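If you want the building blocks of each chain, they are given just below.
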Amino acid sequence: MNDDPLGLPGSSNPDRGWERATIEKLVFATIREQQSARRWKIFNRLFWLVLIGAIVWLVYTTNNTAAVSTPHTAVVDIKGEIASGAEASAENVVASLRTAFEDEGAQAVVLLINSPGGSPVQAGIINDEITRLKGLHEKKVYAVVEETCASAAYYIAAAADDIYVDKASLVGSIGVLMDGFGFTGLMEKLGVERRLMTAGANKGMLDPFSPLDDNQRAYMQQMLGEIHTQFIDVVKKGRGDRLKENGDTFSGLVWNGQQAVKLGLADGMGNLDYVAREIVKAEEIVDYTQRENVGLRLAKRFGASMGEGVFHAARAAGVSLR
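A quick note: this is a predicted structure, and the numbers were derived from the prediction, not measured.

K.L.:
Help me out: how do you make sense of the nonpolar core in this one?
P.N.:
Soluble globular proteins tend to pack their nonpolar side chains together in the buried interior. One finds L97, Y154 and L265 to be the most contacted residues of the largest nonpolar core, which totals 49 residues. Elements that contribute at least two residues to this core include exactly strand 1 (72-79), helix 2 (90-102), strand 2 (106-115), helix 3 (120-137), strand 3 (140-150), helix 4 (152-157), strand 4 (162-165) and helix 6 (214-239). Grouped together as the second largest cluster of nonpolar side chains are eleven residues, V75, L112, Y142 and A282 included.

And the structure:
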């Protein structure tokens with residue numbers, strides 16, 4: 001008789017040895033699978049640990065400006081569109097300015113400008129903060145224009161003690177605009193009917209598919225005129241007696257650097273090195289501009305992805321996030 005039903009080695013029933021071999025294969029496969037899962041788990045943990053560490057290091061090294069004890073010229077870039085969320089937003093520029101002014105080694109602060117303009121609100125915040133910091137720290141501020149200093153960028157530059165330009169720089173555009181499109185005529189030709197419902201007679205005033213009546217146009221023009229007056233007042237206050245005002249000064253025209261100096265919109269010709277060397281008398285230049293680095297962008301994207309995942313999970317579970 002066979003006393004071993006599994007056909008183990010040494011059993012008197014060799015025909016069932018395949019069962020033992022199959023069981024062994026299954027056991028070893030399970031062990032290998034568990035080991036592989038543990039290795040991947042360890043690898044994932046190490047990967048995220050290294051990634052988070054790299055992000056923290058990048059953020060720290062970019063945003064932590066070490067105090068510079070030697071005399072130097074502090075520089076803050078204002079480049080591109082001046083708008084909320086942009087590199088030249090009030091949030092970024094003001095933070096950079098505060099760091100520059102607070103450094104005892106900074107002999108003066110230079111605004112290195114290359115911008116076509118942007119939001120009057122953002123420019124106003126920056127202009128006000130420059131004025132406040134100048135009085136608080138008793139340091140000079142110079143604006144150095146590269147290619148362009150127009151509209152909201154000149155709004156900021158007007159707060160500087162002196163403005164330096166290149167002879168071919170574009171300077172000015174002291175005006176305000178609001179643009180858009182109207183498609184009412186096209187819709188009529190296509191036979192498309194606009195169905196817009198509002199509570200408030202002027203709620204749909206800027207809707208491109210609805211006509212703009214004379215009263216709405218007059219209201220918008222008045223509002224733009226008031227903002228323009230605010231802009232003019234800032235320029236007059238900043239430039240003072242240096243401004244040689246004429247009929248075109250506040251018309252929205254732009255001038256080259258050479259013309260800007262003659263009109264009192266700028267004080268002279270010079271680049272960053274010239275101003276640091278000859279005006280500030282501190283040749284060493286230290287850049288205080290806060291820039292969003294790769295690590296910070298990754299952190300924000302990772303945070304947004306995690307938040308989106310939690311939101312969808314909550315929705316699936318019937319949870320309302322408000």
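Here the narrative resumes.
K.L.:
Help me out: how do you make sense of a nonpolar patch on the surface in this one?
P.N.:
Together, W40, F43, F47, W48 and I52 make up a nonpolar patch on the protein surface, roughly 560 Å² of accessible area in all. Relative to the assigned elements, W40 resides in helix 1 (residues 17-63). Of the residues examined, W40 reaches a relative accessible area of 52% and is grouped as exposed.

K.L.:
Honestly, unusual backbone geometry in this entry has me stumped. Any pointers?
P.N.:
For residues that are not glycine, phi is negative in most cases, and the peptide bond is trans in most cases. In this model, E138 sits at a positive phi of 55 degrees, which is unusual for a non-glycine residue. For E138, the position within the fold is in the loop between helix 3 and strand 3. A positive phi angle, near 55 degrees, is found at S173, a position not held by glycine. Mapped onto the elements, S173 comes out in the loop between strand 5 (170-172) and helix 5 (184-190).

K.L.:
Explain the pairing of strand 2 to me, please; I cannot follow it from the model alone.
P.N.:
One face of the sheet, then the other: side chains in a regular strand alternate in exactly this way. Strand 2 sits mainly inside the fold: eight of its ten residues count as buried. Relative to strand 2, strand 1 is paired through eight bridges, and the arrangement is parallel. By the bridge assignment, A74 is partnered in strand 2 with V109. The β-α-β motif built from strand 1, the intervening helix 2 and the parallel element strand 2 has right-handed crossover chirality. Both strand 2 and strand 3 contribute to a ladder of seven bridges, which runs parallel. Each bridged residue has a counterpart across the sheet, and for S115 the counterpart in strand 3 is C149. In terms of handedness, the path from strand 2 via helix 3 over to strand 3 forms a crossover that is right-handed.

K.L.:
What is the right way to read helix 2 from this model?
P.N.:
Quick reminder: α-helices carry 3.6 residues per turn. Residues three or four places apart thus point the same way. Look at helix 2: 18 Å from first C-alpha to last across 13 residues, which is about the 18 Å you get at 1.5 Å a residue. Here helix 2 has its buried residues at A90, V93, V94, S96, L97, A100 and F101. In an axial view of helix 2, the angular spread of the buried residues amounts to 160 degrees, which keeps them on one side of the axis. Helix 2 presents E91 and E102 as exposed residues on the side facing more than 90 degrees away from its buried surface.

K.L.:
Can you help me understand the packing of aromatic side chains in this one?
P.N.:
Within the structure shown, the criterion is met by three aromatic pairs. For the ring pair Y142 and Y164, a centre distance of 6.4 Å and an interplane angle of 55 degrees mean the geometry is tilted. In this pair, Y142 is assigned in strand 3 and Y164 in strand 4, connecting sequence segments 22 residues apart. Plain terms: the ring middles of Y155 and F231 are 5.1 Å apart, the flat faces sit at 35 degrees to each other, and that makes the pair tilted. A residue pair is termed long-range when its members are at least 10 positions apart, and Y155 in helix 4 and F231 in helix 6 qualify at 76 residues.

K.L.:
I keep staring at the packing of helix 2 against helix 3 and nothing clicks. Help me out?
P.N.:
Two numbers describe a pair of packed helices, the interaxial angle and the distance between the axes. Two elements in contact, helix 2 and helix 3, have axes separated by 10 Å at closest approach and are oriented at 10 degrees. What the angle tells us is that helix 2 and helix 3 run roughly parallel. Residues A90, E91, V93, V94, L97, R98, F101 and E102 of helix 2 form the contact with helix 3, whose participating residues are Q122, I125, I126, E129, I130, R132, L133, K134 and H137. Considered class by class, the residues forming the contact of helix 2 with helix 3 number nine nonpolar, two polar and six charged.

K.L.:
Where do I start with helix 3 in this structure?
P.N.:
Given a rise of 1.5 Å per residue, 18 residues ought to cover 26 Å, and the 26 Å separating the end C-alpha atoms of helix 3 matches this to within 8%. Of the positions making up helix 3, those classed as buried are Q122, A123, G124, I126, N127, E129, I130, L133 and K134. Against helix 2, strand 2, strand 3, helix 4 and helix 6 lie the buried residues of helix 3. With a side-chain oxygen positioned 3.1 Å from the backbone nitrogen of V121, the residue opening helix 3 is S119. Positioned one or two residues after helix 3, E138 has a phi angle of 55 degrees, which is positive.

Cut-offs and rules
Residues numbered from 1 in each chain as written. Predicted model: local features only at pLDDT ≥ 70, side-chain atom pairs only at ≥ 80, totals over all residues. Heavy atoms only, no water. Core = buried A, V, L, I, M, F, W, Y, C linked by side-chain atoms within 4.5 Å. Buried < 20%, exposed > 50% of the residue type's maximum accessible area, 1.4 Å probe, protein only. Helix = DSSP H or I, 4+ residues; strand = E, 2+ residues; numbered from the N terminus. Patch = residues over 30% accessible without salt bridge, like charges linked within 9 Å, V, L, I, M, F, W, Y side chains within 5 Å. Areas by Shrake-Rupley, 256 points an atom, 1.4 Å probe, with all protein chains shown as cover. Salt bridge = Lys/Arg side-chain N within 4 Å of Asp/Glu carboxyl O. Pairing = 2+ DSSP bridges. Right-handed = clockwise from strand over helix to strand, strands pointing away. Expected span 1.5 Å × (residues − 1). Arc of directions from axis to C-beta. Phe/Tyr/Trp six-rings, centres within 6.5 Å; stacked < 30°, edge-to-face > 60°. Axes fitted to C-alpha atoms, helices over the stretch in contact; angles between N-to-C directions. Parallel < 35°, antiparallel > 145°, perpendicular 65-115°, else oblique. Contact = heavy atoms within 4.5 Å. Nonpolar A, V, L, I, M, F, W, Y, C, P; charged D, E, K, R; others polar. Polar contact = N/O pair within 3.5 Å; in protein donor to acceptor, adjacent residues only side chain to side chain.

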